[in-house]
Amino acid sequence: MTAPPTPQTQIQPSQLSTPPLVADFIAHRPLFKRAAWRWMGDRDLADDVVQEAYMKLMQSTTPPGVQQPVAYCMRVVRHLCIDHLRRRQTEQQLLGEEDEGLAQEAGAGTPEHQAIGRQLLQCVDRCLRGLPARTRQAFVLHRVHGHTQQEVAQRLDVSTALVNAMVQDAVRALARCPDLGRPR
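(A) Summary view of the overall build of the protein chain. Per the secondary structure count, the protein chain includes nine helices and zero strands. Within the protein chain, counting contacts between residues at least 6 apart in sequence, those at least 24 apart form 68% of the total.

(B) Region of the structure containing unusual backbone geometry. One non-glycine residue, Asp-157, lies in positive phi territory at about 60°. Relative to the helices and strands, Asp-157 is located in the loop between helix H8 (149–156) and helix H9 (160–176). When its relative accessible area of 71% is taken as the criterion, Asp-157 is described as exposed.

(C) Highlighting the pattern of salt bridges. If you walk through the whole model with that rule in mind, you get three salt bridges. The partner of Arg-129 in a salt bridge is Asp-125, and the shortest N-O contact between them spans 2.9 Å. Of this pair, Arg-129 and Asp-125 both sit in helix H6 (residues 111–129), four residues apart, which is roughly one turn of the helix. As a salt-bridge pair, Arg-172 and Asp-169 come within 2.6 Å of each other at their nearest N and O atoms. A residue pair is termed a helical-turn pair when its members lie 3 or 4 positions apart in one helix, as Arg-172 and Asp-169 do in helix H9 at three residues. Classification of Arg-172 as partly exposed rests on a relative accessible area of 42%.

(D) Focus on helix H7 (residues 133–144). Taking 1.5 Å per residue, twelve residues should reach 16 Å; H7 reaches 15 Å between its end C-alpha atoms and fits that length. Every buried residue of H7 is listed here: Thr-135, Ala-138, Phe-139, Val-140, Leu-141, Arg-143 and Val-144.

Conventions used here
- Residues numbered from 1 in each chain as written.
- Predicted model: local features only at pLDDT ≥ 70, side-chain atom pairs only at ≥ 80, totals over all residues.
- Heavy atoms only, no water.
- Helix = DSSP H or I, 4+ residues; strand = E, 2+ residues; numbered from the N terminus.
- Contact = heavy atoms within 4.5 Å.
- Buried < 20%, exposed > 50% of the residue type's maximum accessible area, 1.4 Å probe, protein only.
- Salt bridge = Lys/Arg side-chain N within 4 Å of Asp/Glu carboxyl O.
- Expected span 1.5 Å × (residues − 1).

That is the geometry; function is a separate question.
This is the structure we're talking about:
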């Protein structure tokens, strides 16, 4: 017979509970999948984005002041879609004409979805053009090219706190952008 677990090894009920923001995300997952599919133009990519958003929410703590958790989760999904679309656009530009055909065959979506993706990128570009050049550059280096805030700070010769503030300014500008999420 084994001895009963000691209080230190027992799983506490609080360890089993799902954070409220994650529970809201799970409850509204079909909504997020539809939105991501609409923005990405590809169901598989949309599934990847939604899974990435779920992992991001699981690994982080809920920021203070979130009054509309579903809207917050949707914003996380939308930002990840933007990141993926910009990354894909950058990759396609770097690949050149020869590899562009291969990328399209690998699941670039229908022409309609490609047009929606381009319109979404144009909306993002318009919103970002309204920002100061250094803020725009910090956002693109961090969110699109995946550099750490410390790397961006070194490249721009500013503090990491300033990089964080500039990235957040860009994120807020995109959140306020009226056309974003509703490409024409």
